[in-house]
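What follows is each chain in one-letter form.
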Amino acid sequence: MKESLSCKFTAAEGLQTLNKLYLMMHETAQSDPMPMVEWAAVLGSPKVLRVGDACATVEDAAQLAATVGKPGHYVDKIMDVCWQGIKAWKQAEPQDLSTDTMAGLARVRYAGTNATLLQKCVKLRLAVYRKMSGQKPESKVVRQALYRYIKRVQDKWPGCRTLAGGGASGVDDDRNARIPSTHQKLLHRVQLADPEDPWLQLEWGQTLIALGGKSSFKEAAMHMEVASAIFTKLMHQLQESGAPSTGQTARTSVGRKLAHVTALDGAVLTPESALEAAIMSLETFRTVAASADEADVRASYCDVLKRLCHLRLQMVVLVQHQTATAAGSPGDDRGVTAGLRQASSTKLVLNAKAAGRRCLMELSEQRGCEKQADEMRRLVGKGD
């Protein structure tokens with residue numbers, strides 16, 4: 001059957017038949033990743049050259065392998081199918097391929113494939129798949145690996161968010177029908193086990209913004225607000241637990257229960273860093289909504305901006321509290337005096353107040369935000 005892929009007259013029918021065959025094999029033994037791996041090998045072969053689909057299928061198989069308890073070296077082995085597919089894509093020169101062949105057609109259809117980015121993204125996710133082997137999705141080791149991956153994506157490789165089957169962007173021309181990216185599939189796998197993880201909510205929202213489109217903006221706003229609400233809740237819990245701003249061990253049983261909550265880089269989450277994350281969640285969406293063309297997206301801008309201003313005012317109160325605490329503390333073992341800490345804290349208070357004033361000014365000056373601006377003025381008046 002695979003030989004039929006070499007003939008332009010039988011290739012399409014042969015590929016469809018192979019697809020049905022491997023699908024039937026997978027349905028018969030759904031815990032066995034090998035039918036998916038073998039199908040991926042067909043897609044990535046020099047005769048077909050659908051390298052993006054091949055790697056996406058292998059990654060689906062890697063997730064399945066990890067779920068059923070296959071060891072990390074097994075995951076490494078099956079990922080060779082993706083590397084071979086990328087190698088075949090890079091070696092295939094478009095001018096040497098006839099558009100009558102399946103490989104030639106793939107080279108035209110997926111001309112926008114960024115094989116270098118695809119390879120990098122798959123390698124980044126492979127580190128997570130290895131850690132998933134034999135582990136529950138909500139386990140600490142999987143969470144830490146996923147956090148490291150998300151941080152790399154945020155810092156340097158945002159294109160991994162939208163890279164879908166075919167190796168090109170998951171955004172279709174009509175901006176409505178989309179192919180889920182493998183990045184989304186990985187997030188979803190862990191998010192099912194812990195829907196209240198704020199970092200996953202935030203990253204899902206940022207991914208939807210990257211995909212663009214009217215429906216994505218609406219859904220992104222929801223995820224950003226959920227992330228912000230969870231971070232705000234964590235901030236209050238960390239305060240109640242007695243967690244200090246330095247990130248030292250919390251003094252209460254509630255604080256010890258929150259010890260697993262970390263930043264993406266593994267640092268202990270403090271009340272300030274939790275509130276900063278809550279602010280960042282809304283700030284990300286606010287920036288996009290402010291320049292969006294869709295009227296209903298713009299309409300949500302005022303509500304998001306009002307909540308953002310409220311959080312910035314909370315930051316002022318929080319930093320002031322930490323400043324008062326620092327004022328009564330002696331110097332630490334590193335020779336940092338109370339006076340130096342006080343000076344640093346005063347600067348933080350001034351910066352927090354300045355950010356709060358800028359937010360309130362933007363809300364007051366923004367056309368269409370009069371209602372939200374009045375609500376914030378009343379709130380600030382009550383605080384005074």
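Our structure is the block above this text.
This structure is a prediction, so every number in the text was calculated from the model and none was measured.

Novice: Explain the overall build of the protein residue by residue, including any values.
Specialist: A count of helices and strands for the protein gives 16 helices and zero strands. Across the 384 residues of the protein, 46% fall into the buried class. Sequence-distant contacts, at least 24 apart, represent 65% of the contacts inside the protein between residues at least 6 apart. Of the accessible surface of the protein, which amounts to about 19500 Å², a share of 54% is contributed by carbon and sulfur atoms.

Novice: Mind laying out the environment of G212, listing which residues take part and the relevant values?
Specialist: Note that G212 resides in the loop between helix 10 (198-211) and helix 11 (214-241). Sequence spacing of G212 and T162 is 50 residues, and the spatial spacing of their C-alpha atoms is 10.0 Å.

Novice: Describe the pattern of salt bridges, and please don't skip the residues or the numbers.
Specialist: Throughout the structure, instances matching the rule amount to 14 salt bridges. A salt bridge links R125 to E59; the shortest N-O distance between them is 2.7 Å. With R125 in helix 7 (residues 115-132) and E59 in helix 3 (residues 51-67), this residue pair connects regions lying 66 residues apart in the sequence. For the pair R125 and E59, one class covers both residues: buried. Through salt bridges that share partners, E283, R286, R312 and E362 make up one connected network.

Novice: Let's hear about unusual backbone geometry: which residues, and what values?
Specialist: Backbone geometry places L49, a non-glycine residue, at a positive phi of 60 degrees. Assignment of secondary structure puts L49 in the loop between helix 2 (34-44) and helix 3.

Novice: Outline helix 9 (residues 182-191), supporting the account with residue identities and numerical values.
Specialist: Burial runs high along helix 9: seven of the ten residues are buried. Listed as buried for helix 9 are T182, H183, Q184, L186, L187, V190 and Q191.

Novice: For the environment of Q91, give the residues involved together with the corresponding values.
Specialist: Along the chain, the position of Q91 falls in helix 5 (residues 80-91). Taking C-alpha positions, Q91 is 9.1 Å from P46, a pair spaced 45 residues apart along the chain.

Calculation criteria
Residues numbered from 1 in each chain as written. Predicted model: local features only at pLDDT ≥ 70, side-chain atom pairs only at ≥ 80, totals over all residues. Heavy atoms only, no water. Helix = DSSP H or I, 4+ residues; strand = E, 2+ residues; numbered from the N terminus. Buried < 20%, exposed > 50% of the residue type's maximum accessible area, 1.4 Å probe, protein only. Contact = heavy atoms within 4.5 Å. Areas by Shrake-Rupley, 256 points an atom, 1.4 Å probe, with all protein chains shown as cover. Salt bridge = Lys/Arg side-chain N within 4 Å of Asp/Glu carboxyl O.

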